Amino acid sequence: MSDAVAGKNNIFLGSADQKIFADDEVTCVGHIIGGIVAEDMHIARRAVKRIDVDYEELEAILTIEDSIEKGSFYHDRDIDFEGGDISAGFAASDDIIEGETRLGEQEHFYMEPHSYLAIPDVGEYTMELHAAGHDLCSLKYAIANALGSDYSKINCKTTRLGGSFGGKDSYAILFGTICAVAANTVKKPVRLVLERDEDMKISGKRMGCLAKYKAGFTKQGDIKAVDLHVYFHGGHTEEHQFFTMLWAYYSFGNVYNICNLRYAGRLCRTNMPSNTAFRGYGQPESVFIMESLLTQIAAKCNIGQTKIREIQFQKEGDLTIHGDQVKNSCINQCWRDCLLRSDFYNRQEEVLKFNRMHKWLKKGLAVVPVAYGFGPPFKKGGQGFAYVQVQMDGSVLISSGGVEMGQGLHTKLIQIASYELDVPTDYIYMSDTSTNVSPFFAATIQSVSTEVSGKAVKIACEKIREQMEPYVSANPNGTWKDRVRQVYDDGEIILATGHSAIAPEKDSNMPFRYYSYGTACSEVELDCLTGEHRLLRTDIVMDCGRSLNPAIDIGQIEGAFVQGYGYFMREEIMWSDKGELINSGPGMYRLPRVQDIPREFNVEILKNSDNPCNIYSSKGIGEPPLSLAVSAFFALKEAIRSARRDIGIEEDFSLDAPAVPRRVLQACGNQLLKK
Ligand code: MTE
């Protein structure tokens, strides 16, 4: 099918060249070999069923364990870091723990599956693509490459996405290019819409990972050395996984001082669909690994869960293991506020009382602090664009490089323009995000788009304000509309572009320019007979800097928390022994449900936080709160610990995520089976 590709059968995805259609070897179930174009979807689906492909079955690597055993890694992506003095750290330790922990994959489960409409030969364009993707410029370049066309002859646009969570970043480039190749072949408009099960089978997920750790610490619980190997499940090709792995590595340590660290990251090459970007970008994985390690040390030293964390907290001015200085940290405020608001210590007593009185129901309470670093990783990733036009009637039309996917970006951009131009928000409209207005703008990722596009909007509005200045002086009592009319009467037009570029600091080893902080406290009730649990209450204190829009930010915190809850507690991807996805729909895939939202859910934005790095002192919010859901996981672990104590099991135990009932029952010491 690669014959249908007029240009080159490859696209540049994230960090590596990949084929659009497999040509000689199919390397996973779901690897695309071609497409069928038909007059309607039903004919196309019937045609697909009539195709017989003879595959010669080759030996396959399907799991992280297989890949470790066979040494199948993307070795050019190895991360090998050693900071401090690891041997001295272990020598200074009173005790050492060793263990491993695992996190499963997670399906993005956006509301609208991948959808595209390619229209060939629209005016001067070779191809116009209506795309559900958030890296439209890379999509444009990929299509141009596949069609053998100039960039100027391709236009990719989108109004908004029905959710993405990272899943429509690189995979949109693949599906969008295939749709454009089809339309170019038949010279007619082609629509490509995946059904849910196809979408789940073909497109990648959040990477699963396996961490093997060894940590040395003093009797007081002070960590002296960590030796960590993390294996990330890459898949059959490499696209975004390396950056996710890199972000996980940068994020390891969370808010804690780790002076001596050896970190080995490996990206596993397997015969499974390539995994991809997902909200949090490696940080939730690192938070989970670090907290697993800490709770194990706390159990070993018999230290309470707040104390074990407070001992390791970074202090202002400390140098992190990567050589970054801790600046403007507000973790202490978030931590203290959360302990206070959740009434942590009193409730801990109540939980103890409850657990003494109940045999088969156990409660657990946990509090977890989180830091999230904001990129972008490189200069190109931080470029924003905005095109602001003031129409003759005074209404304002903005086109930006940022893609709206439900995170509230457009609302925030309208607020920024309203403030800068001093016009009401209902005069301002957002138009499509479209590649024909700018040769380049960065993908909407890593929660920096409000900053990137917002700064571009601000720059454009400042230019317009300057242009309007003489009209304000000439007519100080006039309205915005009067002045705009006057400008047009004078034979001028009002429009401006803005380009913003944010980049990592030059003299830093780290790509992070600033951090946001948060703390969550969760309480769960475990049914020891079924392994099921209820999330009774969650209290969150989250640092948003000076929030641009508290309603949106609280919505993002709540949404991210529930998505994180699914990741750590419920969602489990199941594969057959041939590498085919088994639970490819909502019927079998355990998504978070309405009843999984904490019965009492208190979200508080931290007061008096500032951020000189970002627009109007705000902070990005789309991703950071996801990892706060780890508090529910460790609350459940506390409940299991209590159940184990009742049957005389005192030693610590490991629990992999997601904490599905099967794993929970096993961890409880299988009381039910014994019964
Ligand atoms: N919120 C909704 N409703 N839908 C989404 O797809 N994506 C998340 C987050 N919040 C998402 C969302 C992801 S993965 C990112 S990177 C950020 O939004 C992007 O937001 P930004 O505009 O602040 O960069």
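This text goes with the structure placed above it.
Residues numbered from 1 in each chain as written. Predicted model: local features only at pLDDT ≥ 70, side-chain atom pairs only at ≥ 80, totals over all residues. Heavy atoms only, no water.

A.B. asks: Can you walk me through the site of the ligand in this structure?
C.D. replies: Every one of the 17 residues lining the ligand counts as a neighbour, but S164, M405, Q407, S449 and Q556 are closest to it. S164 is positioned such that a nitrogen or oxygen atom in its backbone is 2.8 Å from an oxygen atom of the ligand. Side-chain polar atom of R279 to a nitrogen atom of the ligand: 3.3 Å apart, as the coordinates give it. Protein chains bury 92% of the 530 Å² of accessible surface belonging to the ligand in isolation. (Near = heavy atom within 4 Å. Polar contact = N/O pair within 3.5 Å; in protein donor to acceptor, adjacent residues only side chain to side chain. Areas by Shrake-Rupley, 256 points an atom, 1.4 Å probe, with all protein chains shown as cover.)

A.B. asks: Help me out: how do you make sense of the packing of helix α13 (residues 449-474) against helix α14 (residues 480-489) in this one?
C.D. replies: Between two packed helices, both the angle of their axes relative to each other and the distance between the axes serve to describe the pair. Viewed as axis vectors pointing N to C, α13 and α14 meet at an angle of 110°, and their least axial separation amounts to 10 Å. One finds that α13 runs roughly perpendicular with respect to α14. Of the residues in α14, those touching α13 at Q467, M468, Y471 and V472 are W480, R483, V484, Q486 and V487. Of the residues belonging to the contact of α13 with α14, the class tally is 6 nonpolar, 2 polar and 1 charged. (Axes fitted to C-alpha atoms, helices over the stretch in contact; angles between N-to-C directions. Helix = DSSP H or I, 4+ residues; strand = E, 2+ residues; numbered from the N terminus. Parallel < 35°, antiparallel > 145°, perpendicular 65-115°, else oblique. Contact = heavy atoms within 4.5 Å. Nonpolar A, V, L, I, M, F, W, Y, C, P; charged D, E, K, R; others polar.)

A.B. asks: Where do I start with the packing of aromatic side chains in this structure?
C.D. replies: When we look at a pair of aromatic rings, we describe it by the centre distance and by the angle of the planes. Tallying each qualifying case throughout the model produces 27 aromatic pairs. Ring centres of W247 and Y281 lie 6.4 Å apart, and the angle between their planes is 85°; on these two criteria the pair is classed as edge-to-face. Remark: Y281 occurs in the loop between β11 (261-269) and α8 (283-301) and W247 occurs in helix α7 (residues 241-251); sequence separation between them is 34 residues. With a relative accessible area of 4%, Y281 lands in the buried category. Among the aromatic residues, those joined into a ring-pair cluster are F81, W247, Y249, Y250, F252, Y263, Y281, F512, Y515 and Y517. Directly above the aromatic system of F242 lies the positively charged group of R77, at a separation of 4.2 Å from the ring centroid. The positively charged end of K481 is found above the aromatic ring belonging to Y427, 4.7 Å away from the centroid. (Phe/Tyr/Trp six-rings, centres within 6.5 Å; stacked < 30°, edge-to-face > 60°. Buried < 20%, exposed > 50% of the residue type's maximum accessible area, 1.4 Å probe, protein only. Lys NZ or Arg CZ within 6 Å of the ring centre and 35° of its normal.)

Honestly, it's all geometry; don't read function into it.
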